Amino acid sequence: EENEGYPTEDNIVDPRAEIKALRRERRKKTKTPKEVAALKKEEISRKRKAHKIHVQGSDIPTPVETFEELAQQFSIKEELIKNIQTRGYEVPTPIQMQAIPLMLKKREILACAPTGSGKTAAFLVPIIHCLGAPQKKGFRAVIVSPTRELANQTHRECVKLTEGIGLRCHVIDNVGKATQKFGPKSSQRFDILITTPNRLVFLLSQEPPAISLKNVEWLIVDESDKLFEEGRQGFRDQLGAIYRACDSNQIRRAFFSATFAFDVQEWCKLNLDNVVMLTVGQ
Ligand code: ADP
C-alpha cells in the first residue's frame, strides 16, 4: 500500500505510446458524419468489387457475406436458416449477397447472374422470410418460370426451404387439374405459386377467373431474358394481365435473368418502382 501511486513494472506507461493512443482516439472522435459515410461507402464498394457485384440504382444496402450476418441483420427465422444449412449452403453466392438484402428491404429489382449461380435461393429466401407464417388467404407469392421443368425444379427447392415453416407451395403443371384445384376454397391452402405464364394467364382468363391473385405480395419473374425473347412478344401482355390481377398497392416485383438483356432492362427501368439493377460477373 505504501507504494500506491508509484510506477511499478505493472502500471508503468510508455508516454510516447500514450500520446499516440490519445491522438488515435482524437482522430477517431473527430470524424464528421460525412467522413463516416464516405468510409462506409468505401467498405461497401470494396465488398462489391471482391464479389464482382455491379449495381445501378439508389440507396442500395450492403452485400451480406454470410448467412449468420443475414440472420442477425434481418431477424431471419431459425427454421429458414436451418433449411439453408441443410441444403448445404455455407455462404451466400454473390447474387444472393446482394439480392437477398434488397428484397428483404422490399425493393423492386432486376438481378442478372449466370446459370448455376444460385438465383433460385436468391428469391426464395427473402420471399419465405417476408411471407412469415401461413395465413390461409391464398397465394401471396407467385413465381413465373418459362418452362414446366424449371417450375418443377423451383418447386422442389421451395419445398425444401419451407420445411418446418408451414408455408405451402404449389406448382401448376397441368391446366385441367389446376382448374379443378383452384376453387376459391382450395387455393387458400397454398401460399406460394410456381407456374408458367401461359398456365397462369389461362386460369385468369376464365369466367369467372379460376385463380385469385388479390393477396399477392411478391411477383417473381425467373429467367426473364427467355420470357422476353423474340417470338415470345406476347409475354409483355401476359405480364400486364398478371399484374392487373394483383393489388398494385402491395405488390413487389423481382426479375431474375441469366443475361443482362436489353429488352428486360428497358422494361424494368420503365415499369419497376425505383428499380435496382444488379449484375454479377464480367
Ligand atoms: P440459377 O438459378 O442461377 O441457374 P440455381 O439456383 O439452380 O442457379 O443454383 C445452382 C446450384 O447451386 C443448385 O444446385 C443450388 O442448390 C446450389 N446453390 C444455391 N445457392 C447455394 C449456396 N449459397 N451455396 C452452395 N450451393 C448453392
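Residues numbered from 1 in each chain as written. Predicted model: local features only at pLDDT ≥ 70, side-chain atom pairs only at ≥ 80, totals over all residues. Heavy atoms only, no water.

A closer look at the pattern of salt bridges
If charged atoms from side chains of opposite charge come close, those side chains can pair.
Here is step 1 of the chain: If you walk through the whole model with that rule in mind, you get ten salt bridges.
Here is step 2 of the chain: A salt bridge links Glu-43 to Lys-47, with the nearest nitrogen and oxygen atoms 3.7 Å apart. One end of the pair, Glu-43, and the other, Lys-47, are both in helix α2 (residues 33-50), four residues apart, so they sit about a helical turn from each other.
Here is step 3 of the chain: For the salt bridge of Asp-273 with Arg-252, the shortest nitrogen-to-oxygen distance reads 2.8 Å. (Salt bridge = Lys/Arg side-chain N within 4 Å of Asp/Glu carboxyl O. Helix = DSSP H or I, 4+ residues; strand = E, 2+ residues; numbered from the N terminus.)

Digging into the layout of surface pockets
Here is step 1 of the chain: There is about 390 Å³ of room inside the largest pocket.
Here is step 2 of the chain: Residue lining of the largest pocket: 18 residues in total, with Gly-116, Gly-118, Lys-119, Thr-120 and Gln-153 positioned closest to the centre.
Here is step 3 of the chain: When contributions to the lining of the largest pocket are tallied by element, the ones reaching two or more residues are α6 (119-131) and α7 (148-161).
Here is step 4 of the chain: Ranked by the residues each element gives to the lining of the largest pocket, the list is headed by α7, at four residues.
Here is step 5 of the chain: Grouping the amino acids of the lining of the largest pocket by side-chain chemistry returns four nonpolar, nine polar and five charged. (1 Å grid on protein atoms, 1.4 Å probe; cavity = no way out; pocket = protein on both sides within 12 Å on 5 of 7 lines; lining within 4 Å. Points joined across faces, edges and corners; volume = space filled by probe spheres on them. Nonpolar A, V, L, I, M, F, W, Y, C, P; charged D, E, K, R; others polar.)

Description of the nonpolar core
Here is step 1 of the chain: Met-103, Ile-109, Ile-192, Ile-220 and Phe-256 are the most contacted members of the largest nonpolar core, which has 47 residues in total.
Here is step 2 of the chain: At nine residues, α6 tops the list of elements feeding residues into this core.
Here is step 3 of the chain: The contacts of Phe-256, once residues within four sequence positions are left out, are Ala-99, Met-103, Ile-109, Ala-111, Lys-119, Ala-122, Phe-123, Ile-220, Val-221, Asp-222, Glu-223 and Ser-224.
Here is step 4 of the chain: Core analysis: the second largest hydrophobic core is formed by 32 residues, Leu-200, Leu-203, Val-216 and Val-264 among them. (Core = buried A, V, L, I, M, F, W, Y, C linked by side-chain atoms within 4.5 Å. Buried < 20%, exposed > 50% of the residue type's maximum accessible area, 1.4 Å probe, protein only. Contact = heavy atoms within 4.5 Å.)

What about the sheet that holds strand β2 (residues 109-112)?
Here is step 1 of the chain: Reading across the sheet, the eight strands line up as β1-β8-β2-β7-β6-β3-β5-β4 and stay open at both edges, with mixed pairing between neighbours. Two strands in the sheet have a free side with no partner beyond their single neighbour: β1 (53-56) and β4 (169-171). Taken pair by pair, the neighbouring strands of this sheet meet at an average axis angle of 15°, ignoring direction.
Here is step 2 of the chain: Pairing geometry for strand β6 (residues 218-221) and strand β7 (residues 252-257), over four bridges, is parallel. (Pairing = 2+ DSSP bridges. Axes fitted to C-alpha atoms, helices over the stretch in contact; angles between N-to-C directions.)

Purely geometric numbers; function is a separate question.
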